[in-house]
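The residues making up each chain are set out below.
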2 protein chains.
Amino acid sequence: MILVRWRMRSATFFLDGAFRRGSAFSKLVLIFAASGGALVAYADARTDPATEPSQAAPKKKVVVLGTGWAGTTFVRNVDSSLYDVQVISPRNYFAFTPLLPSVTCGTVEPRSIVEPIRKIIRKKGGEIKFWEAECFNIDPDNKKVHCRTNTGTNLERNGEFLVDYDYLVIAVGARVNTFNTPGVVQHCHFLKEVEDAQKIRKSVIDSFERAILPDLDEEERKRTLHFVIVGGGPTGVEFAAELHDFISEDLAKLYPTVCNLVKISVIEHGGHILTMFDKRISKFAEEKFRRDGIELRTGYRVVKVSDNTITMEDKLHVESSVSYGMAVWSAGVGARPIILDFMKQIAQGNRRALATDEWLRVRECDGVYAIGDCATMSQRKVMEDILEIFKFADKDNSGTLTVKEINDALEDICIRYPQVELYLKSNQMSNIVDLIKASKGDVRKESVELDIEEFKNALADVDSEVKNLPATAQVAAQQGNYLASCFNRMKHCDKKPEGPLRIRELGRHRFRPFRYKHLGQFAPLGGEQTAAQLPGDWISIGHSSQWLWYSVYASKQVSWRTRALVISDWTRRFIHGRDSSCI
Amino acid sequence: MILVRWRMRSATFFLDGAFRRGSAFSKLVLIFAASGGALVAYADARTDPATEPSQAAPKKKVVVLGTGWAGTTFVRNVDSSLYDVQVISPRNYFAFTPLLPSVTCGTVEPRSIVEPIRKIIRKKGGEIKFWEAECFNIDPDNKKVHCRTNTGTNLERNGEFLVDYDYLVIAVGARVNTFNTPGVVQHCHFLKEVEDAQKIRKSVIDSFERAILPDLDEEERKRTLHFVIVGGGPTGVEFAAELHDFISEDLAKLYPTVCNLVKISVIEHGGHILTMFDKRISKFAEEKFRRDGIELRTGYRVVKVSDNTITMEDKLHVESSVSYGMAVWSAGVGARPIILDFMKQIAQGNRRALATDEWLRVRECDGVYAIGDCATMSQRKVMEDILEIFKFADKDNSGTLTVKEINDALEDICIRYPQVELYLKSNQMSNIVDLIKASKGDVRKESVELDIEEFKNALADVDSEVKNLPATAQVAAQQGNYLASCFNRMKHCDKKPEGPLRIRELGRHRFRPFRYKHLGQFAPLGGEQTAAQLPGDWISIGHSSQWLWYSVYASKQVSWRTRALVISDWTRRFIHGRDSSCI
């Protein structure tokens, strides 16, 4: 194990996640902020604040689309006594997706990582309804969603129905992005759903059964046993590692005559694999893969996939191709058709995902929220509001800001524009004075005054800290949790807003804006080794990280049932190995 | 629990099965007998008996088609140092089919009842080869089988290949018999393969998800939740019981608003369900099902299935129909296409299954054996050979038989014609004298003499005891075991035949003929109650039989891995219930 730097405050830090019910930590992560728009409309609707919802108007209808990390976390945490909650999803279960790569090779069984959404609802004891159906159209003008059931055969009707909403929480997730590469949909496996993982497992074993047949020549056997993974991100890399382990630990014994013909290749457009991780992890992974005999083709972009050949081009657009037996495409995610349609309706047509504000409200769309992979939160830029910020801080309307004035307004500014705080941190500045010092030269505290131009200069680079949140389970779960808390505290915050002071208007925001707290990320590399990157530049690679990985993933399971199943699957794998039955 | 009669000699009796390796009992069950035909050809081929096969001629090729109970038991028990064994099957695993009904409702996971055939082969340490492919044509003239792989996509070639054999063991099993009823293939589920059970499970949950949707009227919900099982045999009944338990124990909690609309119906052509069991079991099952609210429609034959209606007629050909949501067809088994083709080739075209002799050799076909559900063993009738039997017993050629002469020949006759012994037993006769007494009136022992007509009269009803063996796992496993032992002892028995004296020729048969030993049968009826019928009219129904069932099925598992998995599945079900995720 390589322990690069130890900055973690507590070992329990990691074991707490947004998904752990009643965890003190997950509450801590949540930051509340004032909100306007849709939620104000809700407040207005109730004319007499003393009247309880149960006695007066019927409960507001909250419709949640999706049962992934975002949707499920929202449902688990929303107070169903306050709202009439309906959940709509084509999957009647929540899947613990970080273990999907383990399912591809039978390290964990598919059913061990899923929990029926109805069980989750039932445990809450609330009156939440669930419909197993796919929403195919959102009608924000009439506040309705059009749904179609995908269940059952022999149905005469087309199975379509309408659901009204007052608030809509869109959490449908993303789909695989093929970048319109020809042949990908026809010939590649994906790794997004539980069914995908099951198909991959069957396909791997089928490849071995095919390659060992008596009538094949050596070339054909080699081609059949060439496994190609397109995309060197965490999913692709973890799958490659799992596959390597599956083959070397289990299949090699059962297919001894062909196991020396196996080749695993990872094709990555960028210069390295795992680029979202620290370079040390990236380097370690590349070295480990090379030792394991996994071929890395970095700097290549796949341009075409046929039934037995993958064509790619390098940075200089020189084409080359390899023959393959089985390919898994994990090169990125894109918006689902329903999101693309909806974005066109609300004039967001040129975007890659639904844009929301910092309170996760879909812009231009009353009462609609979007969380998880289907959405991107757009952080408002400091430079867009610089005049208002200046005016907001200039309490005495003198046209200049003293350091004291800035310091007084700083808390609200930092909550509304978290990039300011991030910028200070990442430049090792302790406070705003350092920032002004950096832009204006040495200054005596409290006495210096800035005019608007000087203030602009000081904050000029701050917005560079604004980054899109990654499409991970962690972000989705935190967003679901945050949004549920806002819904639960809406009545309270109508009276006592908790957010920062408004910069452009009077009063306070109702809630604090959503703020993502990165808890770290794992990259399992096979051979019982895992790389872990935790916040604060803390990196750990090796066998002990694997045990950390086991503990975290076991503790983050959604129920005791799945926890017991996952742990028993791991134990079974240690004792009996992975199953190679082709089912 | 109803304990009707206790005749079981030992509790361990049941725990021993043909499938338990090294079990003393399974050895005991096997009866060896002399064999001619194909196996003689093998003996002739080796000119010098002193030469070991490994030193001289290459090992004879044994090709086994199928990895079900019959094929797998053969493979497990055959001595692969004596033969070049190749196994061909479209499934690369053995499935413990008696637990299939449990898989339909998630009481047991599909992967817990399967074991890769390669693992079974590897444990033997032998050189057995396995090809995952489907045999689509048998060419007995050239001793070849034509195979086609069903694995892998993107293959340019059609995946066909040829395999030579010296001995062919056909163990491909049966397929579902629809009796050409229109609509069955399109609209009904079957319950024959692991995949079928998985589909049924998904379909049951889908039915509930569909029935609970907001847009349906009461009629439609009721229709969707009407589960119809066609066939009141052990499989259909066990599935109905499992489904009832799944719904009442698990789904009722998750779908409380619709669970009172559920209806389960069993349609059975005969007058009762479980007709192959004792009447007391049949009656108990019918009463229990009525208490559980499962509708029994006995005496009805299904004549048509549409996408939402099942049409049936009663004994008087009066038609009636019911609307349904999901139907499972388990009304019987028929021959697979490859067996039908093969039967045409060898002039058995008018039969329902491949006919074999008592040594499991396919008649008219050199070196070909058939075991399990694809075959029927035709027991030679006493009346066909009555003249030869008379001559065989008449040692002094006097034209009459004394009781002593009959008694001297009786052992060989009983081995060759087991119906004689069965007839004596079922008529409570202790020996042949009682039989003669019954036909000829009171006789003094030893002195009476019978002529051929009197002998014929005495044995006239004996052949009524000849019955086709049922299409069960027990028969298949015993046949696989028997045949493997014959193969293993062939060299020994060439020199020292172990079978009975030949009736129509000189000398002895090489092996004893196959003889089925019925070890009993279970019929799980749900609610932790099982009916057990054991040999010797011993019947047990109730909760303790359920525990016997658990013990027997756990002990009969093919490996410690599947045993551990099945037991942990049962435990999980007790603790957490069955999973209702739709995967």
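Residues numbered from 1 in each chain as written. Chains lettered and ligands numbered in written order. Predicted model: local features only at pLDDT ≥ 70, side-chain atom pairs only at ≥ 80, totals over all residues. Heavy atoms only, no water.

Looking at an unreviewed UniProt entry, one finds chain A named NADH:ubiquinone reductase (non-electrogenic) and attributed to Musa troglodytarum. Entered under Sequence similarities (unreviewed entry) in the UniProt record, the comment concerning chain A runs "Belongs to the NADH dehydrogenase family." (UniProt positions renumbered as here; feature names shortened; annotations may be inferred.)

Enquirer: Just to check I follow, could you spell out the relation of the copies chain B and chain A for this structure?
Expert: Superposition of the two copies of the chain requires a rotation about an axis and a shift along the axis. Taken as rigid bodies, chain B and chain A are interconverted by a rotation of 180° and an axial shift of 0.0 Å, the fit giving an RMSD of 0.0 Å. Both copies are brought into coincidence by an operation consistent with a two-fold rotation axis. Of the C-alpha atoms belonging to chain B, the one lying closest to the rotation axis is found on Ser-568 of chain B, 4.5 Å away. Residue by residue, 100% of the interface of chain B is reproduced at the interface of chain A, so both copies engage with the same surface. (Least-squares fit on C-alpha atoms with pLDDT ≥ 70 in both. Contact = heavy atoms within 4.5 Å.)

Enquirer: Could you clarify how one ought to interpret the environment of Asp-217 of chain B in this entry?
Expert: Residue position: Asp-217 of chain B is located in the loop between α8 (194-211) and α9 (218-224). Here the alpha-carbon distance between Asp-217 of chain B and Met-343 of chain B, two residues 126 residues apart in the chain, equals 52 Å. (Helix = DSSP H or I, 4+ residues; strand = E, 2+ residues; numbered from the N terminus.)

Enquirer: Any chance you could explain helix α21 (residues 560-576) of chain B here in plain terms?
Expert: With 17 residues, α21 of chain B extends 23 Å between its outermost C-alpha atoms, agreeing within 8% with the 24 Å of an ideal straight helix rising 1.5 Å per residue. If you check which residues of α21 of chain B are buried, you get Arg-561, Thr-562, Arg-563, Leu-565, Val-566, Asp-569, Trp-570, Arg-572 and Arg-573 of chain B. Tucked inside the fold, the buried residues of α21 of chain B contact α21 (560-576) of chain A together with β5 (114-116), α6 (117-124), α10 (234-254) and α20 (543-555) of chain B. Trailing α21 of chain B by a residue or two, Gly-577 of chain B shows a phi angle of about 80°, which is positive. (Expected span 1.5 Å × (residues − 1). Buried < 20%, exposed > 50% of the residue type's maximum accessible area, 1.4 Å probe, protein only.)

Enquirer: Help me understand the sheet that holds strand β17 (residues 319-323) of chain B, please; the structure alone is not making it clear to me.
Expert: In a beta sheet, neighbouring strands are held together by backbone hydrogen bonds and run either parallel or antiparallel to one another. Residue and element names in this part refer to chain B. In space, the 3 strands of this open sheet follow the order β15-β16-β17, with antiparallel pairing throughout. Two strands close off the open sheet at either side, each with one partner strand: β15 (301-305) and β17. Averaged over all pairs of adjacent strands, the angle between strand axes in this sheet comes to 30°, irrespective of strand direction. Bridge count for β15 against strand β16 (residues 309-313) is 4 bridges, and the pairing is antiparallel. Looking at the pairing, Val-302 lines up with Met-312 of β16. (Pairing = 2+ DSSP bridges. Axes fitted to C-alpha atoms, helices over the stretch in contact; angles between N-to-C directions.)

Enquirer: What exactly am I supposed to notice about the packing of aromatic side chains here?
Expert: Each aromatic ring pair is summarised here by two numbers: the centre-to-centre distance and the angle between the ring planes. Tallied over the entire structure, the rule returns 40 aromatic pairs over all chains. For the ring pair Tyr-369 of chain B and Phe-487 of chain B, a centre distance of 5.3 Å and an interplane angle of 65° mean the geometry is edge-to-face. With Tyr-369 of chain B in strand β21 (residues 368-370) and Phe-487 of chain B in helix α18 (residues 473-488), the pair connects residues that are 118 residues apart, well separated along the chain. Summarising the burial analysis for this pair, Tyr-369 of chain B and Phe-487 of chain B share the class buried. Taken together through their ring pairs, the aromatic side chains of Trp-69, Phe-94, Phe-96, Phe-522, Trp-547, Trp-549, Tyr-550, Tyr-553, Trp-570 and Phe-574 of chain A make up a single cluster. Above the face of the Tyr-417 of chain A ring, Arg-416 of chain A is positioned so that its terminal group lies 5.5 Å from the ring centre. (Phe/Tyr/Trp six-rings, centres within 6.5 Å; stacked < 30°, edge-to-face > 60°. Lys NZ or Arg CZ within 6 Å of the ring centre and 35° of its normal.)

Enquirer: How should a nonpolar patch on the surface be read in this particular structure?
Expert: On the surface, Trp-547, Phe-574 and Ile-575 of chain A cluster together to form a nonpolar patch covering roughly 380 Å² of accessible area. Looking at where Ile-575 of chain A falls in the secondary structure, it is placed in helix α21. (Patch = residues over 30% accessible without salt bridge, like charges linked within 9 Å, V, L, I, M, F, W, Y side chains within 5 Å. Areas by Shrake-Rupley, 256 points an atom, 1.4 Å probe, with all protein chains shown as cover. Salt bridge = Lys/Arg side-chain N within 4 Å of Asp/Glu carboxyl O.)

Enquirer: For this particular structure, what's the right way to read the interface of chain B and chain A?
Expert: When the parts come together, some accessible area is lost, and that loss is often what is quoted as the size of the interface. If you look at the interface, chain B gives 58 residues, while chain A gives 58 residues. The contact between chain B and chain A buries some 5,400 Å² in all, and 52% of this surface belongs to carbon and sulfur atoms. Taken together, the links from chain B to chain A amount to 8 salt bridges. A salt bridge links Asp-579 of chain A to Arg-111 of chain B; the nearest nitrogen and oxygen atoms lie 3.0 Å apart. Applying the counting rule to chain B against chain A returns 20 residue pairs in polar contact (both at pLDDT 80 or more). (Buried area = accessible area lost by both parts, 1.4 Å probe. Polar contact = N/O pair within 3.5 Å; in protein donor to acceptor, adjacent residues only side chain to side chain.)

Enquirer: How do you make sense of the pattern of salt bridges when you look at a structure like this?
Expert: Two side chains that carry opposite charge are able to pair once their charged atoms sit near each other. The full count for this structure, using the stated rule, is 76 salt bridges over all chains. A salt bridge links Glu-109 of chain B to Arg-111 of chain A; the shortest N-O distance between them is 3.5 Å. Remark: Arg-111 of chain A occurs in the loop between α5 (100-104) and β5 (114-116) and Glu-109 of chain B occurs in the loop between α5 (100-103) and β5; the pair is interchain, linking two chains. One salt bridge connects Glu-249 of chain B with Arg-578 of chain B, and the closest N-O pair in it is separated by 3.0 Å. Taken as a pair, Glu-249 of chain B in helix α10 and Arg-578 of chain B in the segment after α21 lie far apart in primary sequence, 329 residues in all.

Enquirer: Explanation requested: the packing of helix α14 (residues 403-416) of chain B against helix α15 (residues 418-426) of chain B in the structure shown.
Expert: A packed helix pair is summarised by two numbers, namely the angle formed by the two axes and the spacing between the axes. Residues and elements named next belong to chain B. Contact geometry of α14 with α15 gives a least axis separation of 4 Å together with a crossing angle of 100°. On the basis of the axis angle, α14 is roughly perpendicular to α15. Facing Ile-413, Cys-414, Ile-415 and Arg-416 of α14, the residues of α15 in contact are Pro-418, Val-420 and Glu-421. Class assignment of the residues belonging to the contact of α14 with α15 gives a composition of 5 nonpolar, no polar and 2 charged. (Parallel < 35°, antiparallel > 145°, perpendicular 65-115°, else oblique. Nonpolar A, V, L, I, M, F, W, Y, C, P; charged D, E, K, R; others polar.)

Enquirer: When you look at the pairing of strand β2 (residues 60-65) of chain A in this model, what are you seeing that I'm missing?
Expert: In the case of a regular strand, side chains alternate between the two sheet surfaces. Residue and element names in this part refer to chain A. Bridge count for β2 against strand β3 (residues 83-89) is 6 bridges, and the pairing is parallel. The partner of Lys-60 across the bridge, within β3, is Tyr-83. What joins β2 to β3 is helix α4 (residues 69-77), and the crossover it makes is right-handed. Across 4 bridges, the pairing between β2 and strand β10 (residues 167-170) is parallel. Note that in β10 the partner of Leu-65 across the bridge is Ile-170. (Right-handed = clockwise from strand over helix to strand, strands pointing away.)

Enquirer: Which parts of the structure should I look at to understand the sheet that holds strand β16 (residues 309-313) of chain A?
Expert: All names here are of chain A. In spatial order, the strands read β15-β16-β17; together these 3 strands make up an open sheet with antiparallel pairing. In the strand order of this sheet, the two ends are held by β15 (301-305) and β17 (319-323), each with one partner. On average, each strand axis in the sheet is tilted by 30° relative to the strand beside it, whichever way the strands run.

Enquirer: Even after reading the chapter, I still don't get helix α13 (residues 386-393) of chain A, so can you show me in this structure?
Expert: Given 3.6 residues to a turn, an α-helix orients residues that are three or four positions apart in the same direction. Residue and element names in this part refer to chain A. Taken together, the buried positions of α13 are occupied by Ile-386, Ile-389, Phe-390, Phe-392 and Ala-393. Take α13 and look down its axis: the buried residues cluster within an arc of 160°, on one side only. Across α13 from its buried face, at more than 90 degrees, point the exposed residues Leu-387 and Lys-391. (Arc of directions from axis to C-beta.)

Enquirer: Explain the UniProt feature "domain: EF-hand" (unreviewed entry) in chain A to me, please; I cannot follow it from the model alone.
Expert: On the UniProt side, "domain: EF-hand" (unreviewed entry) is annotated at positions that read residues 381-416 of chain A here. Counted over residues 381-416 of chain A, helix gives 61% and strand 6%. Its end C-alpha atoms are 10 Å apart.

Enquirer: I'm lost on the state of the cysteines in this one. Help?
Expert: Each disulfide consists of a covalent bond between the sulfur atoms of two cysteine residues. The tally for this structure, following the rule as stated, stands at 0 disulfides over all chains. The structure places no disulfide on Cys-374 of chain B, whose sulfur is separated from the nearest cysteine sulfur, that of Cys-135 of chain B, by 11 Å. (Disulfide = S-S within 2.5 Å.)

Enquirer: I tried to follow the side chain of Thr-311 of chain A on my own but got confused; where do I start?
Expert: All names here are of chain A. Here Thr-311 shows up in strand β16. A residue is classified by how much of its surface remains accessible, and Thr-311, at 13% relative accessible area, is buried. Look past the residues within four positions of Thr-311 in its chain and what remains in contact with it is Arg-301, Val-302, Val-303, Lys-304, Glu-319, Ser-320 and Ser-321.

Enquirer: Sorry if this is basic, but what is going on with unusual backbone geometry here?
Expert: Trans is the prevailing form of peptide bonds, just as negative phi is the prevailing case for residues other than glycine. One non-glycine residue, Asn-180 of chain A, adopts positive backbone phi at about 55°. Note on placement: Asn-180 of chain A falls in the loop between β11 (175-176) and α7 (184-187). A relative accessible area of 74% places Asn-180 of chain A in the exposed class. A positive phi angle, close to 60°, is found at Ala-347 of chain B, a residue other than glycine. Inspection of the secondary structure puts Ala-347 of chain B in the loop between α12 (337-345) and β20 (354-356).

Enquirer: What is the right way to look at the confidence of the model for chain A in this model?
Expert: Note that predicted coordinates carrying low pLDDT should not be read in detail. On average, chain A scores 85 in pLDDT, and the residues at 70 or more come to 87%. Across the assembled chains, the prediction reports ipTM 0.85 with pTM 0.86. (pLDDT = per-residue confidence, 0-100.)

Enquirer: Can you walk me through the pairing of β16 of chain B in this structure?
Expert: All names here are of chain B. Summarising burial for β16: 4 of the 5 residues are buried, a large majority. The hairpin formed by β15 and β16 contains 3 residues between the paired strands. Sheet topology note: the β16/β17 ladder contains 5 bridges and is antiparallel. Along β17, the bridge assignment pairs Ile-310 with Val-322. Taking the residues between adjacent antiparallel strands as the criterion, β16 and β17 are bridged by 5 residues, where His-317 takes a positive phi near 65°.

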